[in-house]
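# Notes for the structure review
Take a look at the letters that make up each chain.
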Amino acid sequence: MYSRDGVCSIRLPLLLSLCLAGCGQSGPAPNSNSPDVLVLKQNPVHPQITVTGASTIAPLMNEIAKRFELQHPELRIDVQTGGSSRGVTDSRNGLSDIGMVSRSLKPDESDLQRFPLARDGVCLIVHSDNPVTSLTDEQVVSIYQGKTRNWKDVGGPDQPITVVNKAEGRSTLEVFAGHFKLPTNEIQADVVIGDNEQGVKTVAGNLQSIGYVSIGTAEFNRDAGVPIKLLPLAGIEASVKTVNDGTFPMSRTLHLVTKSKPTGIVHELIEFATSSKVHDLVKELSFVPIE
Amino acid sequence: MATSRWTGRLLDVCVWGTPVIVAGMFLWLISDLILRGSAAFQPGTESTGASYSLIAVAEQILRFLTAAPERAGRGGGIGPILVSTGMILAVCMSVVVPIGLGTAMFLSELVSDQNRLGRLVRRSLDLLAGVPSIVFGLFGNAVFCQWLGFRYSIVAGGLTLACMVLPLLIRSAEEGFRSVPDSQRHAAAALGFSRWSTVFRVILPQSTPGIVAGLILGLGRALAETAALLFTSGYVDRMPRSFLDSGRSLSIHIYDLSMNVPGGNQNAHASALVLVVLLILINLTAHRLTYRFLHREVRYA
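None of the values given here were measured: they were computed from a predicted structure. (Residues numbered from 1 in each chain as written. Chains lettered and ligands numbered in written order. Predicted model: local features only at pLDDT ≥ 70, side-chain atom pairs only at ≥ 80, totals over all residues. Heavy atoms only, no water.)

### A word on the overall build of chain A
Stated precisely, the cut-off is as follows: Only DSSP runs of H or I with at least four residues qualify as helices, and only runs of E with at least two residues qualify as strands; both kinds are numbered from the N terminus onward. Using a 1.4 Å probe on the protein chains alone, a residue whose accessible area is under 20% of its type maximum counts as buried, one over 50% counts as exposed, and one in between counts as partly exposed. Only heavy atoms enter the contact rule, under which two residues are in contact if any of them lie within 4.5 Å. Accessible surface is estimated by sampling points in the Shrake-Rupley manner with a 1.4 Å probe; for residues, cover comes only from the protein chains shown.
A count of helical and extended segments in chain A gives 12 helices and nine strands. With 291 residues in all, chain A has 52% of them scored as buried. If you take every contact in chain A between residues at least 6 apart in sequence, the share linking residues at least 24 apart comes to 74%. For chain A, the computed accessible surface area is about 13000 Å², with 54% contributed by carbon and sulfur atoms.

In structure tokens:
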């Protein structure tokens, strides 16, 4: 029989080399662009600022950057996400000019220059049909540790509690766990979610659930008719107003960080981002401007 | 007797029921997207009084497809995002098609099933196909963005996607090549076709359905990819000026709108609708092309 394999063994070396040559043709496609990389990097006509970090801040920073670019048409600001820790490492090793950090800085991050950008409160939310109107700190800790498993133990109906927690690494989780002095590995969650909007959607879709999200996001969604309720904390109402006047205990400051004291256009951008010229943008994205 | 009749009935119901469920899920998804997403295409309130004319709606859709996003994506459109997505796919496909077809041809035409190199390639492809996309993202970030110095760019994103899509294309193209019966190869050889004439005139045309299926799978995976692109092509929603600019893909835009932007739901749904329509269009075009290829006359070599 005319065997494929027989032919192969004879012609294999030749054809292999042909095949490799064919594959090689596709290689130069990306490489042919590499001179452009150099041109871009060396081109002083188009200064570029890279901002990386917290996904919570990225949409806000993107809008601030666009407004700043209007005043500086030659400038390009690239905003990239990836989390607060990424913001810290990127600005440390020079991958970005400015980092975005949505939590207070840790002691070993004191080498970075920090600039408060806005404030954000984290609050507990339950479904609006849930009769429970407030929880003490002990009750919240007990629920999140899995010791309290039924709403009737905290004054609600006889229904099991669905505990909604944030994924490890999310700064909202750090704010929440830090406030309640709750080690994150002790949290017994039924549902683990990533972002604020996902938290709101999860709680709005489950009568028995409890979760925590940014107050700005929660307030916006509640006012838009999403069936959720913001629980007060230690008797203080959870609202943008109480975060703004500093009375709401579970809140965080959103920071911009740089490796060294910013100069030139980077300095200008930070000045602009922390000025009252962007307060409308801050409010529009459900954060609280720093007065 | 009665039991077997009832079992038969039950099986009938199952066999008829399952496709209905599958089709129903698709229709449900589509209608949900259309219902929620089409709100973004409704003409503004300033034109009240005049009933929704088709032209006004078309105008609105066109505006959504071409305008730049405003207010963190809650307003405006997805013009730059569509362009970025197209450029990422172009980079991806221009790398994947030659390498993919070359490797598939190597695996099916040049080496036997027992060949060591062939087995190694196949094994690695199967492993690659199972690697989660976030791993590709981190790999792409380390290799293309940092090591090769592309930074956050469309090139880096496209190349990362290429790594993800290659296994899909290669395996289905290989299946396509293998589905061509050996008798055809023998016939071609008997007619004095050279090896490469056989490949280009006989095997490639006959295996187009497999190749196209692989391409669709690949394009679909590339279009839907979020995690890998977040770390490589990036988040910038400006109109890209070159392949070295960072550009936000449609899937990242949908993710960001639905997850990080309060009130971004409506435009997230509208963007998702665009994404699904794009996928359907790609699918239809691919089928049309396959049909053409298969019914083309084979001319003499």
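### Focus on the pattern of salt bridges
Short version of the rule: By convention in these notes, a salt bridge is any Lys or Arg side-chain nitrogen within 4 Å of a carboxyl oxygen on Asp or Glu.
Applying the stated criterion across every chain, the model contains 21 salt bridges over all chains. One salt bridge connects K66 of chain A with D237 of chain B, and the closest N-O pair in it is separated by 3.2 Å. Placement of the pair is K66 of chain A in helix 4 (residues 58-71) and D237 of chain B in the loop between helix 10 (227-230) and helix 11 (250-259), with the two residues belonging to separate chains. Take K66 of chain A: its relative accessible area is 24%, and that puts it in the partly exposed class. Salt-bridge contacts for E174 of chain B lead to R171 of chain B; the nearest nitrogen and oxygen are separated by 3.4 Å. Of this pair, E174 of chain B and R171 of chain B both sit in helix 6 (residues 154-178), three residues apart, which is roughly one turn of that helix. One salt-bridge network, held together by shared partners, links E63 and K66 of chain A together with D237, R248 and D256 of chain B.

### A word on the packing of aromatic side chains
Defined as follows: A pair of aromatic rings is counted whenever rings of Phe, Tyr or Trp (Trp by its six-membered ring) have centres within 6.5 Å, and the orientation is called stacked for planes under 30 degrees apart, edge-to-face for over 60 and tilted otherwise. Our definition puts a charge over a ring when NZ of Lys or CZ of Arg is within 6 Å of the ring centre and also within 35 degrees of the ring normal.
Scanning the entire structure with this criterion turns up seven aromatic pairs over all chains. An aromatic cluster is present here, built from Y144, F176, F180 and Y212 of chain A joined pairwise through their rings. Directly above the aromatic system of W6 of chain B lies the positively charged group of R9 of chain B, at a separation of 5.5 Å from the ring centroid. The aromatic ring of Y235 of chain B is capped on one face by R248 of chain B, whose charged end is 4.2 Å from the ring centroid.

### Some thoughts on the side chain of S239 of chain A
Looking at where S239 of chain A falls in the secondary structure, it is placed in the loop between strand 8 (228-230) and helix 10 (240-244). Assessed through its relative accessible area of 6%, S239 of chain A is described here as buried.

### Side note on the domain arrangement of chain A
Residues and elements named next belong to chain A. What counts here: Domain delimitation follows an automatic or database domain assignment. Each of two parts loses accessible area, computed with a 1.4 Å probe, when they are put together; buried area is these two losses added. In protein, a polar contact means a hydrogen-donor-capable atom and an acceptor-capable atom, both N or O and within 3.5 Å, with residues adjacent in sequence counting only if both atoms are side-chain atoms; elsewhere, any N or O pair within 3.5 Å suffices.
According to the domain assignment, chain A contains domain 1 (1-41), domain 2 (48-119 + 253-289) and domain 3 (121-244). The distance between the C-alpha centroids of domain 2 and domain 3 comes to 28 Å. Across the contact, 10 residues belong to domain 2 and 12 residues belong to domain 3. It is R119, S286 and V288 in domain 2 that bury the most area against domain 3; as a group they hold 51% of the surface buried on that side. On the surface where domain 2 and domain 3 come into contact, there are zero salt bridges. In this assembly, domain 2 and domain 3 are joined by zero residue pairs in polar contact (both at pLDDT 80 or more).

### Quick word on the pairing of strand 1 (residues 48-53) of chain A
Residues and elements named next belong to chain A. Going by this rule: By the convention used here, strands pair only if DSSP detects at least 2 bridges between them. Note on handedness: a crossover is taken as right-handed if, strands pointing away from the viewer, the path from the first strand over the helix to the second is clockwise.
Most of strand 1 sits inside the fold, with five of its six residues counted as buried. Strand direction decides the pairing type here: strand 1 and strand 2 (residues 76-81), joined by six bridges, are parallel. Following the sheet pairing, T50 is matched in strand 2 by D78. Regarding the hand of the β-α-β motif, the stretch spanning strand 1, helix 4 and strand 2 is right-handed. Taken together, the three bridges between strand 1 and strand 3 (residues 98-101) define a ladder with parallel strand orientation. Among the inter-strand pairings, T52 is bridged to a residue of strand 3, identified as G99.

### Points about the packing of helix 5 (residues 133-147) of chain B against helix 6 of chain B
All names here are of chain B. Convention followed: The axes used here are C-alpha line fits, helices contributing only the stretch in contact, and every angle between their N-to-C directions lies in the interval 0 to 180 degrees. Roughly parallel covers angles under 35 degrees, roughly antiparallel covers those over 145, roughly perpendicular covers 65 to 115, and oblique covers all other angles. Crossing handedness: left-handed means the near helix sits turned counterclockwise from the far one by under a right angle, and right-handed means the same turn made clockwise.
Where helix 5 contacts helix 6, the axes come no closer than 9 Å and their chain directions differ by 135 degrees. In terms of orientation, helix 5 lies oblique with respect to helix 6. Regarding helix 5 and helix 6, the two cross each other, and that crossing is right-handed. Residues S133, F136, G137, F139, G140, F144 and C145 of helix 5 form the contact with helix 6, whose participating residues are A156, L159, T160, C163 and M164.

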